[in-house]
Amino acid sequence: MADTQREVERKFEFTGSHGKPADEKPAHGKRAKQARKPGAARRRVPDLTGTAGIAAVRDRGTARLDAVYYDTPGQALAADGLTLRRRTGGEDAGWHLKLPVAPGVRDEVRAPLSDTLPPELAALVRSRTRRTGLEPQVRLYSERHTDDLLDGDGNLLAQLCTDSVRAERGEAATAWTEVEVELADGGDPALLDAVGDRFAEAGLHVSDAPSKLARALAETGAPPPARPAPGPADGTAGAHVLAYLREQRDALIAQDPAVRRDLPDSVHQMRVATRRLRSALATHRKILDRTATDPVRDELRWLGAELGADRDREVLLELLRTRLGELPPDLLLGPVRDRLRTWNALRRKRTRRRAVAALDSDRYLALLDSVDALLTAPPLRPAAARPATRQLPKAVLRDWDRLADRVAGALALDPGEERNLALHEARKAAKRARYAAEAAAPALGKPARRLAKAAKSVQSLLGDHRDGVVAREALLGLGAQAADAQEPSFTWGLLYAREEGLSARLEHRLPAIWAKAARRRSRTHLK
């Protein structure tokens, strides 16, 4: 079973401590064997006692580590800053997958030592590896000396590790010494700054290499990770749209392991990337041939629906919790909170299974491949060659006109189920108009951002309305479950009535919100 540890660390190296001069070629043959001999004596690290609250340094001894790093032949993991290794030696022998979180911050997902990659780690890299096998890339032998940095009460502030590293890749080899300071859980990042200042006085500087693996590959002459060509930045509409699509594709792939790990807001972020991709393909049919993009849009719709069940559950749970919290205690009749927890637990198990099953499916891999293929050989139409500042306004305004038609159609209906459905369609149109304006903003500037803000105001109101419609359906079910269990159903009925009243007030506000958005549109000139 895998577990996760958040790493907040900083790597340092001694000035002039590179394993070889910058202009020296990787070592081979006899020179490689010499490089692989046990390293020179550990470089001296300055005493940190008295730095940033460090009262004592406790020697933890030295360990010998042997790690083999795996990646695809094209280094798909390294291209996105991920590292996967199988390590023996030390206290944490096993498989380690490191996922970037922020500069100097990574999540290390660990699994027990085994001969083959554990399935739970294989799943976390699946969006990058697809159907390509993983192969050993480099082997690192490290002699690690560890010190605990303690405060005045003996509490751990950070760990200081001095590593003498030897790296082998085929016949090539290199060696270096680096120093790593990793904060204890809940540690203050200011300590790393203070340690960095102290180290600078002693001839240590922050390492340029993002990881041991990156340095080992670079210093043994490995080709850089294969990265998709960014495409031309020539100011054309086609270049602009493709850059946006790449950004959303990357966001979708980046959220895949987060969804699998059930991290907060991950399903929402992945669903947003899916929707933005799908929306952009619809908005820019004058730029990308829809005979090629419509099948991709259909598959993106499928993925969004599979993710949406879990996200909608999250939103609904938060809304119902909020509504219960707004009621005075004397109106909470029966075990309403327990009933809500039970209701959510049953739904969560089902929706969570559905989302992960989608990511595990061959259909999902085929979708990722189709998006990549679309970006590699885009089906550009003649309008793609026009300047973005001339072509994008037309697309943005078409989506705005579509929104205007949907709002007008919904407002013309009497209150009831048919209007609720029409308002839901208007909400989706508002989201598409907002996405189109936001995507165009880098080329069109402030007018596009102003239009996106106007569309968002309409989307927010209609989103609240839709949440109320869905909440009422759930409240009917909760009330029926409570009645079947011979519990009071009064509270659920009360919340239903409150949601019904709120929806009516939102519908009453819509004409004014829309009129304000329309005035902003009339004052906005994209052309």
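A quick note: this is a predicted structure, and the numbers were derived from the prediction, not measured. Numbering of residues starts from 1 in every chain and runs along the sequence as written. For a predicted model such as this one, the threshold for reporting local features is a pLDDT of at least 70, and the threshold for listing and counting side-chain atom pairs is 80 or more; totals across whole chains, interfaces and linings nevertheless cover every residue. For the side-chain quantities, the full set of heavy atoms in the structure was used; hydrogens and water were omitted.

### A look at the overall build of the protein
Thinking step 1. For the protein, the count of helices and strands is 15 helices and 9 strands.
Thinking step 2. Across its three principal directions, the C-alpha atoms of the protein cover 85 × 65 × 45 Å.
Thinking step 3. Relative accessible area decides the class of each residue, using a 1.4 Å probe on protein chains only: under 20% of the type maximum gives buried, over 50% gives exposed, and in between gives partly exposed. A buried classification covers 48% of the 527 residues belonging to the protein.
Thinking step 4. Sequence separation of at least 24 residues holds for 74% of the intrachain contacts in the protein that already meet a minimum separation of 6.
Thinking step 5. Accessibility throughout is a Shrake-Rupley quantity obtained with a 1.4 Å probe, and a residue counts as covered only by protein chains that appear here. For the protein, the computed accessible surface area is about 25300 Å², with 52% contributed by carbon and sulfur atoms.
Thinking step 6. Here the positive residues are Lys and Arg and the negative ones are Asp and Glu; neither His nor the chain ends is included. Charge positions are represented by NZ for Lys, CZ for Arg, CG for Asp and CD for Glu. If the 91 positive side-chain charges of the protein are averaged to one point and the 74 negative ones to another, these points end up 6 Å apart. Under the scheme used here, helices are H or I runs from DSSP no shorter than 4 residues and strands are E runs no shorter than 2 residues, and both carry numbers assigned from the N terminus. Pairs of residues are marked as contacts when any of their non-hydrogen atoms sit within 4.5 Å.

### Quick word on the packing of aromatic side chains
The geometry of an aromatic ring pair comes down to the distance between the two centres and the angle between the two planes.
Thinking step 1. Each aromatic pair joins two rings of Phe, Tyr and Trp (for Trp, the six-membered one) with centres within 6.5 Å, and gets the label stacked for planes under 30 degrees apart, edge-to-face for over 60, and tilted for any other angle. All chains considered together, the criterion is met by 3 aromatic pairs.
Thinking step 2. With a centroid separation of 5.4 Å and an interplanar angle of 40°, the aromatic rings of Tyr70 and Trp95 are classed as tilted. Residue Tyr70 is located in strand 2 (residues 56–71), and its partner Trp95 is located in strand 4 (residues 94–102); the two are separated by 25 residues in the primary sequence.
Thinking step 3. You can call Tyr70 buried: its relative accessible area is 19%.

### So, the environment of Ser503
Thinking step 1. Relative to the helices and strands, Ser503 is located in helix 15 (residues 490–522).
Thinking step 2. Residue Ser503 is classed as buried on the basis of its relative accessible area of 4%.
Thinking step 3. Residues Ser503 and Ala433, 70 residues apart in the sequence, show an inter-C-alpha distance of 23 Å.

### Section: the environment of Phe490
Thinking step 1. Here Phe490 is to be found in helix 15.
Thinking step 2. Through-space distance from the C-alpha of Phe490 to that of Leu333 is 6.8 Å; in sequence the pair is 157 residues apart.
Thinking step 3. Beyond its immediate chain neighbours, meaning those up to four positions away, Phe490 contacts Leu331 and Leu333.

### Focus on the confidence of the model for the protein
Thinking step 1. The quantity known as pLDDT measures the predictor's confidence residue by residue, on a range of 0 to 100. Of all residues in the protein, 94% have pLDDT values of 70 or greater, and the mean over the chain is 92.
Thinking step 2. Under a pLDDT of 50 for its full length, residues 19–41 has, in the predicted model, 36 contacts with residues more than four places off or in other chains.

### Concerning the environment of Arg139
Thinking step 1. Note that Arg139 resides in strand 6 (residues 135–150).
Thinking step 2. By relative accessible area, which is 34% here, Arg139 ends up partly exposed.
Thinking step 3. Sequence-wise, Arg139 and Gly463 are 324 residues apart; in three dimensions their C-alpha atoms are separated by 52 Å.
Thinking step 4. Once residues within four sequence positions are removed from consideration, Arg139 is found in contact with Asp66, Ala67, Val68, Arg166, Ala167 and Glu168.
Thinking step 5. Within the structure, the side chain of Arg139 is placed 3.3 Å from the side chain of Tyr141, a separation counted as a polar contact. We call two N or O atoms a polar contact when they sit within 3.5 Å, provided that within protein one can donate a hydrogen and the other can accept it, with sequence-adjacent residues counted only if both atoms are side-chain atoms.

### Considering unusual backbone geometry
Thinking step 1. Positioned with a positive phi, Ala52 is a non-glycine residue whose angle comes to about 50°.
Thinking step 2. Structurally, the position occupied by Ala52 is in the loop between helix 1 (29–35) and strand 2.

### Some words on the nonpolar core
Thinking step 1. Nonpolar cores were defined as sets of buried Ala, Val, Leu, Ile, Met, Phe, Trp, Tyr and Cys residues, with membership established by side-chain atoms within 4.5 Å. Core analysis: the largest hydrophobic core is formed by 65 residues, its most contacted members being Leu245, Leu252, Leu303, Tyr364, Trp400 and Leu403.
Thinking step 2. Per-element tally for this core: the top contributor is helix 13 (residues 417–444), with 12 residues.
Thinking step 3. Beyond its immediate chain neighbours, meaning those up to four positions away, Leu303 contacts Leu252, Thr274, Leu359, Tyr364 and Leu367.

### Considerations on the pattern of salt bridges
Oppositely charged side chains can pair when the atoms bearing their charge come close.
Thinking step 1. Any Lys or Arg side-chain nitrogen located within 4 Å of an Asp or Glu carboxyl oxygen qualifies as a salt bridge. Summed over all chains, the structure comprises 57 salt bridges.
Thinking step 2. Ionic pairing is found between Arg354 and Glu306, a salt bridge with its closest N-O pair at 3.1 Å. Of this pair, Arg354 sits in helix 10 (residues 336–359) while Glu306 sits in helix 9 (residues 290–326), placing them 48 residues apart in sequence.
Thinking step 3. Judged by its relative accessible area of 36%, Arg354 is partly exposed.
Thinking step 4. Looking at Glu306, the relative accessible area reads 16%, which means it is buried.
Thinking step 5. Notably, a salt bridge pairs Glu425 with Lys428, separated by 2.9 Å at the nearest N-O pair.

### Structural notes on the side chain of Thr51
Thinking step 1. Along the polypeptide, Thr51 turns up in the loop between helix 1 and strand 2.
Thinking step 2. Not counting the four nearest positions on each side in its chain, Thr51 is found in contact with Ala194, Val195 and Arg198.

### Digging into the packing of helix 7 (residues 237–260) against helix 8 (residues 266–283)
Thinking step 1. Fitted lines through C-alpha atoms give the axes, limited to the stretch in contact for helices. The angle between two N-to-C directions lies from 0 to 180 degrees. At a minimum axis separation of 8 Å, helix 7 and helix 8 run at an interaxial angle of 155°. For the element pair helix 7 / helix 8, the angle class is roughly antiparallel. Crossing angle aside, the handedness with which helix 7 passes helix 8 is left-handed. Here helix 7 contributes Tyr244, Leu245, Gln248, Arg249, Ala251, Leu252, Gln255, Asp256, Ala258 and Val259 to the contact with helix 8, which in turn contributes Ser266, Val267, Gln269, Met270, Ala273, Thr274, Arg276, Leu277, Ala280 and Leu281.
Thinking step 2. Note that Gly is not counted as nonpolar here; it falls among the polar residues with everything else outside the nonpolar set of Ala, Val, Leu, Ile, Met, Phe, Trp, Tyr, Cys and Pro and the charged set of Asp, Glu, Lys and Arg. Counted by class, the contact of helix 7 with helix 8 contains 12 nonpolar, 5 polar and 3 charged residues. By definition in this entry, angles of less than 35 degrees are roughly parallel, angles greater than 145 are roughly antiparallel, angles of 65 to 115 are roughly perpendicular, and the rest are oblique. Take the far helix as your reference; a near helix turned counterclockwise from it by less than a right angle gives a left-handed crossing, and one turned clockwise gives a right-handed crossing.

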